[in-house]
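Here's the letter readout for the chains.
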Amino acid sequence: MSPFSPLFLFLEMVENIDSVINKFDEVAYKLYIERPEIPQTYHLKFMELVHQVTECAENMAIASRAFFRNFATVRDYSQKVYILEHESDVSSAGIRQQIFDSDMELAKKLQLNAIMTEVADIADIAEDYIDELLIFTIKRDI
């Protein structure tokens with residue numbers, strides 16, 4: 001199968017979207033199993049990070065659907081993914097910095113750091129997928 005065939009592109013897109021969904025599932029399961037104590041101080045910031053990551057994944061999905069309809073909107077939603085991924089990087093770095101500056105036990109700091117990293121990784125995966133989607137869009141445009 002040629003890497004430029006529509007079926008190949010479609011299968012590649014489905015696989016990439018599935019990897020984002022799988023990461024959401026993995027992080028949710030990790031939260032369920034570990035049940036980390038997130039101090040009240042970080043609740044709003046953590047929710048903001050989760051919102052940014054969710055919006056990032058949602059815009060990735062919209063960009064994927066747009067691939068089959070309107071190339072201009074692929075670029076628009078891709079740009080939103082890049083912006084939201086950057087915001088999630090900034091948010092997670094800020095939260096992690098505050099956590100490590102706190103007087104919390106080291107074990108709790110490390111656990112929260114790992115959780116924040118896992119959540120932010122979802123946006124990173126979505127951004128990587130968007131890079132590929134834009135390449136597919138250029139190839140399809142040619």
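Scroll up a little and you will see the structure.
As the structure is a prediction and not an experimental result, all values here were calculated from the model. (Residues numbered from 1 in each chain as written. Predicted model: local features only at pLDDT ≥ 70, side-chain atom pairs only at ≥ 80, totals over all residues. Heavy atoms only, no water.)

### Remarks on the environment of Asp128
Relative to the assigned elements, Asp128 resides in helix H4 (residues 106–141). Given the relative accessible area of 44%, Asp128 is considered partly exposed. For Asp128 and Asn16, which are 112 residues apart along the polypeptide, the C-alpha to C-alpha distance reads 9.0 Å. (Helix = DSSP H or I, 4+ residues; strand = E, 2+ residues; numbered from the N terminus. Buried < 20%, exposed > 50% of the residue type's maximum accessible area, 1.4 Å probe, protein only.)

### As for the pattern of salt bridges
Scanning the model with the defined rule gives 4 salt bridges in all. Close ionic contact of Lys23 with Glu26 constitutes a salt bridge, the shortest N to O distance being 3.3 Å. With a gap of 3 residues between them, Lys23 and Glu26 both fall in helix H1 (residues 6–34), about one helical turn apart. Look at Lys23 and you get buried, because its relative accessible area is 11%. Overall, the relative accessible area of 44% leaves Glu26 in the partly exposed class. (Salt bridge = Lys/Arg side-chain N within 4 Å of Asp/Glu carboxyl O.)

### Concerning a nonpolar patch on the surface
On the surface, a cluster of nonpolar side chains totalling about 370 Å² of accessible area is made up of Tyr29, Tyr32 and Ile33. Of note, Ile33 is situated in helix H1. (Patch = residues over 30% accessible without salt bridge, like charges linked within 9 Å, V, L, I, M, F, W, Y side chains within 5 Å. Areas by Shrake-Rupley, 256 points an atom, 1.4 Å probe, with all protein chains shown as cover.)

### Describing the environment of Glu127
Mapping Glu127 onto the fold places it in helix H4. Taking the C-alpha atoms as reference points, Glu127 and Asn22, 105 residues apart in sequence, are found 15 Å from one another.

### As for the packing of helix H2 (residues 40–66) against helix H3 (residues 71–101)
In a pair of packed helices, the angle between the axes and the distance between the axes together describe the arrangement. At a minimum axis separation of 8 Å, H2 and H3 run at an interaxial angle of 160 degrees. With respect to H3, the element H2 is oriented roughly antiparallel. The element H2 and its partner H3 pack so that their crossing is left-handed. Here the contact of H2 with H3 is built from residues that sort into 16 nonpolar, 8 polar and 6 charged. (Axes fitted to C-alpha atoms, helices over the stretch in contact; angles between N-to-C directions. Parallel < 35°, antiparallel > 145°, perpendicular 65-115°, else oblique. Left-handed = near helix turned anticlockwise from the far one by under 90°. Nonpolar A, V, L, I, M, F, W, Y, C, P; charged D, E, K, R; others polar.)

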